[in-house]
Every structure is written in C-alpha cells, then in structure tokens.
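# Reading the structure
Given next are the chains, with one letter for each unit.
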Amino acid sequence: MKQYHDLLRRITSEGIVKGDRTGTGTQSVFGHQMRFNLADGFPLLTTKKVFLKGIIHELLWFLAGDTNIKYLVDNGVHIWDSDAFRYYNELCVKHGILPVDMDTFLSALGVESPIEGYKFGDLNHVYGYQWRSWPKANGESIDQIKEVIETIKKNPSSRRMIVSAWNVADVGSMALPPCHTMFQFFVAEGKLSCQLYQRSGDVFLGVPFNIASYALMTMMIAKECGLEAGEVIHTLGDAHLYLTHLDQAAEQLSRDTRALPRMSAQGFEPSGILLINKHAGATSHDIVYKVRRALHTKRVGHTGTLAGAIFDAPRQLTDVEGQTAVLRQGDEELLAELGVEAAHLLGGDAHVHEAPAATRNIHGREDEGLVHGEDDIAVAGDAPLVAQ
C-alpha cells in the first residue's frame, strides 16, 4: 500500500529520534494521515506477511466487550499475552502475592486468582469494555457500539457518531492505555466511512493491524446498516518506528507493492450481531459465528473444512483456526477459482500447484497467522462456506 510506504519513508527521512517507555528508542513524526478507499481493495499490506488471524479475532474480541485474553489464546492469538502477564505481575506486587510463571498463568486464564476481583488474563477496562460498557456515574453503562449503529441507521447525517476508548477515569488502571483512542463515522451517498484517531502508532508492527481491523469493522457495520463501505481515514499522533525495526522497514520499502486483496461481505444477513453485548449474555463464540457470516458466502459442498475468507489479487487464503483443508476429487473448479498457478501469499514465495484429478491433501502449518509451504493452501474459518 502506497499510503503506508509513504509513512515509512516520512519517518525514516524526517523522524526525530526519541526515548520511549520500553527503553528501545524510536524515530518518530507527529501528525500523519492516511486514506484508504475500500472500493480499491482491502487494505492489507502486500509487502510483508500480516497476521490476519490475529486481526480478525482481536476485532471480534473487542466487539464482544471482552477484556480477558482467554478467548484470544483459545483461538491461537497471543498478541496480548505479555501485556496481560505484566499487568498480573504488577497486581501481585501491589497485593504482596507471589506470581506464578507464564505457562501457569496462561493455563489458568479466566480462573479466579488469589487477588480479589481479578481473574487470570484480565486486562481491566480496556477497549472492549469502553466500547460496550462505558460506565456512567449512576452505575449504568453505555453500549457505544449499539448507539452508534442505531444512529447510523436513524440519523445518518449526525456529526456525533463517535466511539471513544479513552476514559480518563480508567486510563491509569488499564493494563495498557488505548493507542487507537476514538473513531467517528460519516455517511454520504450511501457509503459509510470511518476516521480513526490513534494517539500512538508502532508503525512497523501495530499500524498494519489497525488499518486492516478498522477497515474490516467499517465493512461489517456498513453491511449491518445497509450501506456500502466508503473510506477508512487513519489519523496518527505519535507515529514511530522502533530503532530495532529500521532495517526491516528499509527492506520492506525495497519491495514492490502488489494489487490489494478483496474481502467480500456478500451474503451477510444483518442480524443485529453488533448490537449484542457480551455483558448482556452473548458469548464470544456466538459473536464469532455470527460475524463470520459477513466473511463467508459460497458453500463448497463436500470439501469439508475448506472454508473462510478468500481474497484475490493477489490470491490469498488465510488460516483462522489452523485447520487442514482436504480437497477431494471434483474440486478442480474450485481450484480454478483460486488461481492454481503462482498464487503467491503476501510477501512470501508460497504458491498453489496444479491439483491432480485424484484426492489431494493440503497439510497446513501455522506461521505468523499464515499457513504456507510448497504445496499448501491457507484457509480461514471453520464453517463450510467460502467468500468470493
């Protein structure tokens, strides 16, 4: 994506070297904006592999109002492990309790700990809590996602369609204060656009996640509201590269960008899923199953576990559950749809070979959220549906 590469170039050429809370050091610029027209394709980087599995599950976790990492870990996503473990250790010091090790911690997620009111894996009032249960002074709470969707539907000209995660009263007690602090929706000519403000952006690792996550959420909410997806505008405050990432950023800039993949929400049946709040009784499983309806449209018949969001240009299929896809005799038409020759995955050299007429097994192995290899096809999801 040119917009992202332009940001990398700006930081490496104009950025100021600064200290940071990690002690690593950064090269930073202050104030930058990128615009992504979703009609041009899904804004997923094409010059390095991106952990799409993590992006999808983290977004569903946010939308569920969940603040414990158990759901993420159960689905093979470990991007919040270190923050959760650090927060747990801080609480142990505060309460004079000897902490358990990381393996024991992860095996006990969701279980009550010796610290009163704390379950292993809790992050306190981070994103999902603020999005779905912003506390009011009278003890009630505000479901911001529900309210913004209702406003989009009933009063699309409103200039108050805003969701905030920056609750000043809670920031000091969160495991990690929100980096993407607020977002606003805008409706015009039948299209829904979203502008995100991010106070701090780790441009090499985190920002590609944020771009794709907000693009996917915009698509989902647009579908929920009977609109087309418009633009995602990403506004950054402190946009930085850690000094340990400068070489990797230079290597990424040396690569040619490719055509963006496309994600389809065709066939999604608006069911009010985004109006369901985990705190009102919905489970993460309910939300994953229903939201996946937005990503899966075409039944594959007898292909069993082959499922998920299929992207094209470049042909990319991504594994969400780490499953093995079995392509049986008669799947030649499906393989043709996937592009059987040189179907390169993002930034890699994996490809799909011509399949024989007989039964063929595709054995997946997971690496940074992508399943790849000489004879591998990566797939997403666990329902027998394929998006086109």
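Worth saying up front: this structure is predicted, and the values here are computed from it rather than measured.

This brings us to the overall build of the protein. Within the protein, the regular secondary structure consists of twelve helices and 16 strands. Counting all 388 residues of the protein, 54% fall into the buried class. As displayed, the protein has an accessible area near 17200 Å², and 51% of this comes from carbon and sulfur atoms.

Before going further, it helps to spend a moment on unusual backbone geometry. Despite not being glycine, Asn124 has its phi angle at roughly 70°, a positive value. Structurally, Asn124 can be placed in the loop between α5 (102–107) and α6 (127–133). Residue class for Asn124 comes out partly exposed when judged on its relative accessible area of 23%. Backbone geometry places Glu189, a non-glycine residue, at a positive phi of 55°. As for its position among the elements, Glu189 is in the loop between β6 (180–188) and β7 (191–202). Its relative accessible area of 81% is what places Glu189 among the exposed residues.

Another aspect to go through is the pattern of salt bridges. Side-chain pairs of opposite charge can arise where the charged atoms are in close proximity. Evaluation of the coordinates by the stated rule reveals twelve salt bridges. With a closest N to O distance of 3.4 Å, Arg9 and Asp6 form a salt bridge. You can see Arg9 and its partner Asp6 sitting in helix α1 (residues 2–14), three residues apart, about one turn around the helix. A relative accessible area of 31% means that Asp6 is categorised as partly exposed. Between Glu140 and Lys136 there is a salt bridge; the shortest N-O distance is 3.7 Å. Residue Glu140 is classed as partly exposed on the basis of its relative accessible area of 48%. Exposure remark for Lys136: the relative accessible area of 36% places this residue in the partly exposed category. Each of Lys2, Asp6 and Arg9 takes part in one network of salt bridges that share partners.

If you walk through the whole model with that rule in mind, you get 17 aromatic pairs. With 5.6 Å between their ring centres and 55° between their planes, Trp61 and Trp80 make a pair best called tilted. Of the two residues, Trp61 sits in helix α2 (residues 52–63) while Trp80 sits in the loop between α3 (70–74) and α4 (81–95), which places them 19 residues apart along the sequence. For the pair shown, Trp61 and Trp80 are each scored as buried. When the centroid spacing of 6.3 Å and the interplanar angle of 75° are considered together, the rings of Tyr118 and Phe120 count as edge-to-face. With a relative accessible area of 4%, Tyr118 lands in the buried category. Taking relative accessible area as the criterion, Phe120 reaches 8% and is therefore assigned buried. Put simply, the rings of Trp61, Phe62, Trp80, Tyr127, Trp131, Phe183, Phe185 and Tyr214 touch in pairs and so form one group of aromatic residues. Positioned above the aromatic ring of Phe204, the side-chain terminus of Lys48 is 3.8 Å from the ring centre.

Look at α1: 18 Å from first C-alpha to last across 13 residues, which is about the 18 Å you get at 1.5 Å a residue. Considered for burial, the residues of α1 that qualify are Tyr4, His5, Leu7, Leu8 and Ile11. Down the axis of α1, the smallest arc covering the buried residues is 155°, so these residues share one side. Residues Lys2 and Ser13 are exposed on α1 and point more than 90 degrees away from its buried face. Buried positions along α1 lie against β2 (26–37), α9 (206–224), β8 (228–242) and α10 (246–253).

A separate point is the side chain of His180. In this fold, His180 is placed in strand β6. Within polar-contact distance, the side chain of His180 engages the side chain of Tyr127 at 3.5 Å. Separated by 2.7 Å, the side chains of His180 and Tyr214 make a polar contact. Beyond its immediate chain neighbours, meaning those up to four positions away, His180 contacts Phe62, Tyr127, Ala165, Leu196, Tyr197, Gln198, Asn210 and Tyr214.

As a further point, take a nonpolar patch on the surface. A contiguous nonpolar patch, built from Phe30, Ile162, Met182 and Tyr197 and spanning about 390 Å² of accessible area, is present on the exposed surface. On the basis of relative accessible area, Ile162 is assigned to the partly exposed category, the value being 35%.

Per-chain confidence: the protein averages 75 in pLDDT, with 68% of residues scoring 70 or above. The weakest mean pLDDT in the protein belongs to strand β16 (residues 385–386) at 23; the strongest belongs to strand β5 (residues 162–164) at 98. The low-confidence segment residues 272–276 (pLDDT under 50) makes 23 contacts with residues lying over four places distant or belonging to another chain. Counted against residues more than four places away or in other chains, residues 281–388, with its pLDDT under 50, gives 261 contacts.

So, on to the pairing of β7. Examined bridge by bridge, β6 and β7 share eight bridges and lie antiparallel to one another. Looking across to β7, one finds that His180 is bridged to Gln198. Counting the residues between successive antiparallel strands, the hairpin from β6 to β7 contains two residues, one of them, Glu189, with a positive phi of roughly 55°. Sheet topology note: the β7/β8 ladder contains ten bridges and is parallel. Counterpart to Gln198 in the pairing with β8 is Leu236. With α9 bridging β7 and the parallel β8, this β-α-β connection has right-handed handedness.

About the cut-offs
Residues numbered from 1 in each chain as written. Predicted model: local features only at pLDDT ≥ 70, side-chain atom pairs only at ≥ 80, totals over all residues. Heavy atoms only, no water. Helix = DSSP H or I, 4+ residues; strand = E, 2+ residues; numbered from the N terminus. Buried < 20%, exposed > 50% of the residue type's maximum accessible area, 1.4 Å probe, protein only. Areas by Shrake-Rupley, 256 points an atom, 1.4 Å probe, with all protein chains shown as cover. Salt bridge = Lys/Arg side-chain N within 4 Å of Asp/Glu carboxyl O. Phe/Tyr/Trp six-rings, centres within 6.5 Å; stacked < 30°, edge-to-face > 60°. Lys NZ or Arg CZ within 6 Å of the ring centre and 35° of its normal. Expected span 1.5 Å × (residues − 1). Arc of directions from axis to C-beta. Contact = heavy atoms within 4.5 Å. Polar contact = N/O pair within 3.5 Å; in protein donor to acceptor, adjacent residues only side chain to side chain. Patch = residues over 30% accessible without salt bridge, like charges linked within 9 Å, V, L, I, M, F, W, Y side chains within 5 Å. pLDDT = per-residue confidence, 0-100. Pairing = 2+ DSSP bridges. Right-handed = clockwise from strand over helix to strand, strands pointing away.

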